[in-house]
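Structure assessment
Next come the chains, spelled out residue by residue.
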Amino acid sequence: MCTIGFLVNPVAGMGGAVGLKGTDGMVEVARSRGAVPHARERAAETISDIVDLRIHLLTCSGFMGEEVLSGAGISGYEVVYRPAPGQTGAPDTMAACRAFLERGVDLVLFCGGDGTARDVYSVVGDSVPMLGIPAGVKMYSAVFAITPVAAAGILRDGCTPGGRFLIRDAEVVDVDEEAYREGVLKTRLFGVAKSPYRPGLVQGTKQVFENPDEERAKKDIARFIREVMEGTPEVLYILGPGSTTAAIGEELGIQKTLLGFDAVSGGDLVAADLNEQALLGLLHGDSRARLVISIIGAQGSLLGRGTQQVSPAVLRRIGRENIIVVATPHKLAETPLVFVDTGDRELDAGFGDHISVVSGYRVAQRKRIGNRSKFEHMGN
Amino acid sequence: MDTKILLEEDHMPKSWYNILPDLPTPLDPPLHPATGKPLVPEDLTPIFPMELILQEMSLKRTVDIPEEVQDVLRLWRPSPLYRAYRLERHLKTPAHIYYKYEGVSPPGSHKPNTAVPQAYYNMKAGIERIATETGAGQWGSALAFATQIFGLECTIYMVRSSYAQKPYRKSMMQVWGAECIPSPSTKTKSGSAVLQKDPETTGSLGIAISEAVEDAATHGNTNYALGSVLNHVCLHQTVIGLECREQLASVDAYPDVVIGCVGGGSNFAGISFPFAGEKLKGTHKETDIIAVEPASCPTLTKGLFAYDYGDVAGLTPLLKMFTLGHDFVPPSIHAGGLRYHGDNPTVSRLVHDGVMRAVSYHQSEVFEAAQTFARTEGIIVAPETSHAVRATIDEALKCRKSGEAKTILFNCSGHGNFDMSAYDAYYAHQLVDYEYPEQLIRESLARLPKIPGA
């Protein structure tokens, strides 16, 4: 029987919905902006899919794991770490992992973001495989499953009788949150972990490309989108984060924030770095708005990672037909499938089987959308 | 029944079929790019010999094929018509599938059907050199073959992305004594202008045409030749359909469906015009004539029916045709011969009027069909031709559903023996399914100035 150490970083992802681009050291600010924790719900999505498996689960008390397990009706787990009352943090994640190691777990399953991955890795290193349930603001590390349901599929592969985990090297990277909030994307390799995967189901390390061709492609995309904007002056354009959309800002001659959502109307910057509330505030009445968004890194994720400002409520207000997806051919070449992960399954399903991605001047590519429910049953 | 339906050499057509007099309404005239007025024959004399200009505008239903041209065509014509028994069995379709195989010509495609007469008429007019463009290299190698036979020099501007992708086409042109230059080049003003704006450009047919036209117009001993799009090119290709009609008649068949791939429209016109003529005359009203194009360059399915230039620089006459805009540079698909923003005006008119219809496919879909064809019929088709194969298979599968035993004819316009890198890309899952973002493009064009006469 598998022995798995399970922990939840209860505050992971809270900074995202309120525009903080990360939660490290910002929990109180996030709370004051009205952020609610959702890591437990993400973890519960995974756990509820594996209740039938015979797994020996070790966990932490309260918000850090126990509540998710008991909430899913799982009994027979062991609490091996109890954080002190109050706000939990990195020391708690690390202490829990030390307890897992002492008990000889086969795998550490954690729910959080890049910060949590870094904390787990700093204790377990490459001695024990780790798998992340995505719940953070940023997930550039390769230890995360594409979705909570996909994480459950990986666990099923490894923990059913006769099954086994396929293990690969997975980079743990972290983003400098201070710099990230200033609009600078600085990733660094923190270490190389062992991580279970199903081919096509775990995100590869996000890459930031900087070769000349890539820059040229961004300019081509930007020139096309500018002409589209000029032809539709009545439409409000919301430009999402990333260097491809930043190139559109440059083409328009506006100061686009690299990592935030900015609104453009008639070629002028109307508002920068919008959070969910501010976006909803802008999307009122009958006026038409379009969202220009890119695929994040090499992992093929759209609307899920680092883009929590665009909540299901925002997307429903904009309408699927008004979402323009842009990505360079380079990025698309490393992205066999696009995963739509809004946090709202019904909304995700409405995207269908394929998505058209603008990849150059007057050119698009048709990309297949990875289907979560299919993956649950079919592997890949 | 036989697998191959062959014609004796003396049954090769002695004249071409001109569809223009059978059109219900005359074509909109080509317009002079500078004045916007309808062209007169003299406007074209700097780049074409008079005989071809007269053919371009001819309203005679048949045009005789000169003896010297027939002599050369006999090297491979009449080409075989095949009944695709193995493909039919594989698809479990009641349909009867026939294909005309033009890959038996020395350059391996339908292109020499027009390269030979074009070289001949230029030779007769005292021209010493011909400049032309080529996309995938099919046309360039065909014209190299034809000019060499009639003792002319030949300069070929080859679209840069194909020049890199298909090095053996370039080698063939060399064997037949032609000069092959990657386009855009610094040899012409229009090429230099494009390079200055965008040194990394993949090039396009539209750009290469500008270079070849400029080369011809600025050299007295040099004329220009076009491998598709124009009426006289389509006229020369009608030998394909005329032979098919006789070959099918010899087995008491007539097609319910006629299919060809479309870049500029000439191989499609070649196989379909004789049958479209019957449709227009009312002798066979129900024939379903299908033009197949790439989803990345969907001229007939998503373009505008309007006057536009035939090239990027705007040197050619304005033609009334389906167009994606003369400055549209289609993505670098492997079917390089289908990367053209416009289409033959007659094909455009017939699609516009509903006499023919058009469909489009993505790259991965057509290569999958080409694989099926290669594994049943044996022939590895050119990426361009694979579009026709895809549509044929889809029509045959419709017949399996409906139980109809339709007769389907398609033009197997060329072999893909020099296109194996495209197949490699297919097997490496590296084929990109390019699309034409129609709505966004229309919006982006909303503020552009209008083309005169559009």
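The shown structure was predicted, so the numbers you read here are calculated from the model rather than taken from an experiment.

We now examine the overall build of chain A. Check the secondary structure of chain A and you find 15 helices and 16 strands. Burial analysis of chain A (380 residues in total) assigns 54% to the buried set. Contacts in chain A between residues at least 24 apart in sequence constitute 68% of all its contacts with a sequence separation of at least 6.

Let us now look at the overall build of chain B. For chain B, the helix and strand inventory stands at 17 helices and 16 strands. Taken against the 2.2 N^0.38 rule, which gives 22 Å for 454 residues, the C-alpha radius of gyration of chain B at 20 Å falls within 12% of a compact globule. Along the three orthogonal principal directions, the C-alpha set of chain B runs to about 55 × 50 × 45 Å. A total of 454 residues make up chain B; the buried ones form 59% of that total. If you take every contact in chain B between residues at least 6 apart in sequence, the share linking residues at least 24 apart comes to 77%.

Core analysis: the biggest nonpolar cluster contains 241 residues, and V108, V292 and V325 of chain A together with L143, I156 and A291 of chain B have the highest contact counts within it. Per-element accounting of this core gives the leading share, eight residues, to helix α10 (residues 231-250) of chain B. Look past the residues within four positions of A291 of chain B in its chain and what remains in contact with it is G260, V262, F268, L300, V347, V351, M356 and A358 of chain B.

As a general point, the strands of a sheet are linked pairwise by backbone hydrogen bonds and lie either parallel or antiparallel. Residues and elements named next belong to chain B. Taken in spatial order, the seven strands make up an open sheet running β1-β4-β5-β15-β10-β11-β14, and their pairing is mixed. Two strands close off the open sheet at either side, each with one partner strand: β1 (4-5) and β14 (357-361). For strand β10 (residues 257-261) and strand β15 (residues 407-412), the ladder comprises three bridges, and the chain directions are parallel. Its bridge partner being in β15, V258 is matched across the sheet by L409.

Take the interface of chain B and chain A next. On the side of chain A, 14 residues touch chain B, which itself brings 16 residues to the contact. Mapped onto the side of chain B that touches chain A, the elements with two or more residues apiece are β16 (434-435) and α17 (438-445) of chain B. Taken together, the residues that form the side of chain B that touches chain A break down as nine nonpolar, two polar and five charged. Bridge count between strand β16 (residues 363-369) of chain A and β16 of chain B: two bridges; the pairing is antiparallel. Within β16 of chain B, the position partnered with Q365 of chain A by the bridge is Y434 of chain B.

For the rest of this paragraph, the subject is the domain arrangement of chain B. Residue and element names in this part refer to chain B. When the domains of chain B are assigned, the result is domain 1 (21-50 + 111-224) and domain 2 (67-108 + 231-443). If you average the C-alpha positions of domain 1 and of domain 2, the two centres end up 22 Å apart. Looking at the side of domain 1 that touches domain 2, the elements with two or more residues in it are α4 (112-124), α5 (138-149), α6 (160-165), α7 (167-175) and α9 (205-217). Considering each element in turn, the side of domain 1 that touches domain 2 owes the most residues, seven residues, to α9. When its residues are assigned to classes, the side of domain 1 that touches domain 2 shows 22 nonpolar, 14 polar and six charged.

Per-residue pLDDT for chain B has a mean of 93; in total, 98% of the residues score no lower than 70. Interface confidence for the predicted complex, given as ipTM, is 0.77, next to a pTM of 0.74.

Summary statistics for chain A give a mean pLDDT of 83 and a share of 87% for residues scoring 70 or more. Contacts from residues 200-212 of chain A, a stretch scored under 50 in pLDDT, to residues over four places away or in other chains number 41 contacts.

With that settled, the discussion passes to the sheet that holds strand β4 (residues 107-112) of chain A. All names here are of chain A. Pairing in this open sheet of five strands is parallel, and the strands run β3-β2-β1-β4-β5 from one edge to the other. Bordering the open sheet on either side are β3 (78-81) and β5 (130-134), each of which pairs with just one other strand. Averaged over all neighbouring strand pairs, the angle between strand axes comes to 30°, with direction disregarded. The sheet contact formed by strand β2 (residues 55-60) and β3 spans three bridges and is parallel. Directly across from L58, in β3, lies its bridge partner E78. Packing of helix α7 (residues 148-159) onto the sheet brings it into contact with β1 (2-8), β2 and β5, and relative to β5 it is tilted by some 150°.

Here we come to the pairing of β1 of chain A. Residue and element names in this part refer to chain A. Of all seven residues that make up β1, five are buried, and the element is covered over most of its length. Inspection of the sheet shows β1 paired to β2 by five bridges, in the parallel sense. By the bridge assignment for β2, C2 is matched with I55. Two elements, β1 and β4, share five bridges in a ladder whose sense is parallel.

For the rest of this paragraph, the subject is the environment of V347 of chain B. Residue and element names in this part refer to chain B. Within the secondary structure, V347 sits in helix α13 (residues 345-352). On the basis of neighbour counts, which here come to 32 C-beta atoms within 10 Å, the residue V347 falls in the buried class. Sequence-wise, V347 and L324 are 23 residues apart; in three dimensions their C-alpha atoms are separated by 15 Å. Ignoring anything within four residues of it in the chain, the contact list for V347 reads V262, G265, F268, A269 and A291.

Let us now look at the domain arrangement of chain A. For chain A, the assigned domains read domain 1 (2-196) and domain 2 (212-378). A straight line from the C-alpha centre of domain 1 of chain A to that of domain 2 of chain A covers 28 Å.

Below, the discussion takes up the packing of helix α1 (residues 50-57) of chain B against α10 of chain B. All names here are of chain B. The contact between α1 and α10 brings their axes to 8 Å, and the two run at 85°. On the basis of their axis angle, the class for α1 and α10 is roughly perpendicular. Contact with α1, carried on its side by L52, Q55 and E56, involves N231, H232 and L235 of α10 and no other residues of that element. When the residues that make up the contact of α1 with α10 are grouped by side-chain class, the tally is two nonpolar, three polar and one charged.

Moving on: the packing of helix α3 (residues 39-48) of chain A against α7 of chain A. All names here are of chain A. Between α3 and α7, whose axes approach to 8 Å, the crossing angle comes to 35°. Handedness of the crossing formed by α3 with α7: right-handed. Where α3 approaches α7, its residues R42, E45 and T46 are matched on the opposing element by P148, V149, A151 and A152. In terms of residue class, the contact of α3 with α7 is built from four nonpolar, one polar and two charged.

Take α7 of chain B next. Residues and elements named next belong to chain B. R169, K170, M172 and M173 are the residues of α7 that are buried. Buried residues along α7 cover an arc of 155° about the axis, so they all sit on one side. Among the exposed residues of α7, those pointing more than 90 degrees away from its buried face are P167 and V175.

On to the environment of K100 of chain B. Residues and elements named next belong to chain B. Looking at the element boundaries, K100 is found in strand β5 (residues 96-101). On the basis of neighbour counts, which here come to 26 C-beta atoms within 10 Å, the residue K100 falls in the buried class. Counting along the chain gives 214 residues from K100 to G314, while the straight-line C-alpha distance between them is 36 Å. In this view, K100 contacts S79, L81, I240, C244, I271, N411 and C412; residues no more than four positions away in its chain are not counted.

All names here are of chain B. Cis geometry is adopted by the peptide bond preceding P78, which originates at R77 and carries an omega value of -10°. Locating P78 in the fold gives a position in the loop between α2 (67-73) and β4 (81-83). You will see that K92, though not glycine, has its phi angle at about 55°, which is positive. Looking at the element boundaries, K92 is found in the loop between α3 (85-91) and β5.

Criteria and cut-off values
Residues numbered from 1 in each chain as written. Chains lettered and ligands numbered in written order. Predicted model: local features only at pLDDT ≥ 70, side-chain atom pairs only at ≥ 80, totals over all residues. Helix = DSSP H or I, 4+ residues; strand = E, 2+ residues; numbered from the N terminus. Buried ≥ 20, exposed ≤ 12 C-beta atoms within 10 Å, placed from the backbone. Contact = placed C-beta atoms within 7 Å. Rg over C-alpha atoms; globule rule 2.2 N^0.38 Å. Core = buried A, V, L, I, M, F, W, Y, C linked by C-beta atoms within 7 Å. Pairing = 2+ DSSP bridges. Nonpolar A, V, L, I, M, F, W, Y, C, P; charged D, E, K, R; others polar. Domains from an automatic or database assignment. pLDDT = per-residue confidence, 0-100. Axes fitted to C-alpha atoms, helices over the stretch in contact; angles between N-to-C directions. Parallel < 35°, antiparallel > 145°, perpendicular 65-115°, else oblique. Left-handed = near helix turned anticlockwise from the far one by under 90°. Arc of directions from axis to C-beta.

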